[in-house]
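The primary structure of each chain is shown beneath.
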Amino acid sequence: MSQSTESTTESNPFTKPGFIIAAALVVALIAAAVVIFLLPKGQGNAQPAPGTAEPSSSATTSPTAHAAADKSVCGLPSSTETALGAAPKSKWELVGKMAAPTEPKTFGPGVTDGDGFRSCFAKSPTGALYAAANILALGSSGDPVLNRKATDKLLMPGPGRDIARADSSSKSTSNTTVQFRGFVIKSYSPSAANVDIAFQTDKGMLGHAVLPLQWADGDWKLAIADSGQLINEIAQLRDLSGFIAWSGA
């Protein structure tokens, strides 16, 4: 069997239900029960995907409740900026097999539990970027405890999260590694952000995916489809043109 044929038969974790982050993100950008990463073929010259529409809410809250939800749950500073045109100078730590950015006093994660679970990110474009990267990296551990916590705390409530919960107890390992290579903030507001992240496998393949984030309960959380699928479109890249270079490994 040719290498090309073998590649097309590998499972793509991004298309599996469950916390893309939850069960096997090794692959690195999250997955749920499968750990061999495969980028879709036929999109070799794909460019960063357009951002999705900002979610809207008709719910009404009291001024006090709104003010509390507007602040970082761990007291990280917010920003009035709405764009990020250059890569932040970041410190990096390994989370599973992935290098994830960390600035606990400014952008996050402001809270790291004893088991390694990371949460609380700043309400700013950089905070949203750090949140997206750390959420993806959490799945690389394949640890059911981290998977469950990520599902419960980092996904927006809804039918999709319920489906993801059913998968969150899975434990998986993989020899495949993926690292961040760049980003673009496709859209940003204080309530929602679309972060396009480029990555590279240890086999040299480049790809990207847009992560839709929402600000809720004082932190950034991933929006998830009712099907339980977190990332709907992954595209292979020929190069990193159009992305801001950003990597820790």
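None of these values were measured; they are calculated from a predicted model.

A. Molecular detail of the overall build of the protein. Summing up its helical and strand segments, the protein has five helices and 10 strands in all. Counting every position in the protein, which comprises 249 residues, the buried fraction comes to 51%. If you take every contact in the protein between residues at least 6 apart in sequence, the share linking residues at least 24 apart comes to 68%. Here the protein has roughly 11,000 Å² of accessible surface; of this, 52% comes from carbon and sulfur atoms.

B. Broad picture of the pairing of strand β1 (residues 91–95). In this structure, β1 lies alongside strand β2 (residues 98–102), joined through five bridges in antiparallel fashion. By the bridge assignment, Lys91 is partnered in β2 with Thr102. Counting the residues that bridge the hairpin from β1 to β2 gives two residues, and of these Gly96 lies at a positive phi of roughly 65 degrees.

C. Quick peek at the state of the cysteines. Applying the stated rule across the entire model yields one disulfide. Covalently, Cys74 is tied to Cys120 through a disulfide, its sulfur atoms 1.9 Å apart. Because the torsion about its S-S bond is -90 degrees, the bridge between Cys74 and Cys120 counts as left-handed. A residue pair is termed long-range when its members are at least 10 positions apart, and Cys74 in the loop between α2 (63–70) and β1 and Cys120 in the loop between β4 (118–119) and α3 (125–138) qualify at 46 residues.

D. Spotlight on the pairing of strand β6 (residues 192–201). Counting buried positions along β6 yields nine of 10 residues, so the element is predominantly enclosed. Note that strand β5 (residues 178–189) and β6 share 10 bridges and pair antiparallel. Looking across to β6, one finds that Val178 is bridged to Thr201. If you look at the hairpin formed by β5 and β6, you'll find two residues sitting between the two strands. Counting the residues between successive antiparallel strands, the hairpin from β6 to strand β7 (residues 206–216) contains four residues, one of them, Gly204, with a positive phi of roughly 95 degrees.

E. Spatial organisation of the pattern of salt bridges. Enumeration over the complete set of coordinates arrives at five salt bridges. Here Asp70 ties to Lys123 by a salt bridge, and the two come within 2.0 Å at their closest N and O atoms. One end of the pair, Asp70, is in helix α2; the other, Lys123, is in the loop between β4 and α3, with 53 residues separating them in the sequence. Asp70 sits in the partly exposed class, given a relative accessible area of 36%. Judged by its relative accessible area of 7%, Lys123 is buried. Of the charged contacts in the structure, one is a salt bridge between Lys149 and Asp115, with a shortest N-O distance of 3.1 Å. Residue Lys149 is found in helix α4 (residues 144–154), and its partner Asp115 is found in the loop between β3 (111–112) and β4; the two are separated by 34 residues along the sequence. Sharing partners across several salt bridges, the network here consists of Asp113, Asp115 and Lys149.

F. Quick look at unusual backbone geometry. Each neighbour pair has its own omega, and for Gly108 with Pro109 the value is 0 degrees, a cis peptide bond. Here Pro109 shows up in the loop between β2 and β3. One non-glycine residue, Cys120, lies in the positive phi region at around 75 degrees. Assessed through its relative accessible area of 1%, Cys120 is described here as buried. The backbone of Asp217 sits at a positive phi, close to 55 degrees, despite the residue not being glycine. Looking at the secondary structure, you find Asp217 in the loop between β7 and β8 (219–222).

The rules behind the values
- Every chain begins its residue count from 1, and numbering advances along the sequence as written.
- Whole-chain, interface and lining totals are the exception, using all residues; otherwise, since this is a predicted model, local features are given only for residues with pLDDT of at least 70 and side-chain atom pairs are given and counted only at 80 or more.
- The side-chain figures draw on all heavy atoms in the structure; neither hydrogens nor water molecules are used.
- Each helix is a run of DSSP H or I of at least 4 residues and each strand a run of E of at least 2, with the numbering of both proceeding from the N terminus.
- Burial status follows relative accessibility: with a 1.4 Å probe on protein chains alone, a residue under 20% of its type maximum counts as buried, one over 50% as exposed, and anything between as partly exposed.
- The contact rule is simple, with two residues in contact once any of their heavy atoms fall within 4.5 Å.
- Note on areas: these come from Shrake-Rupley sampling with a 1.4 Å probe, and a residue is covered only by the protein chains present in the view.
- Each pair of strands is called paired provided DSSP finds at least two bridges between the two strands.
- Note on disulfides: each one is a pair of cysteine sulfur atoms within 2.5 Å.
- Salt bridge, as applied in this entry: a Lys or Arg side-chain nitrogen positioned within 4 Å of an Asp or Glu carboxyl oxygen.

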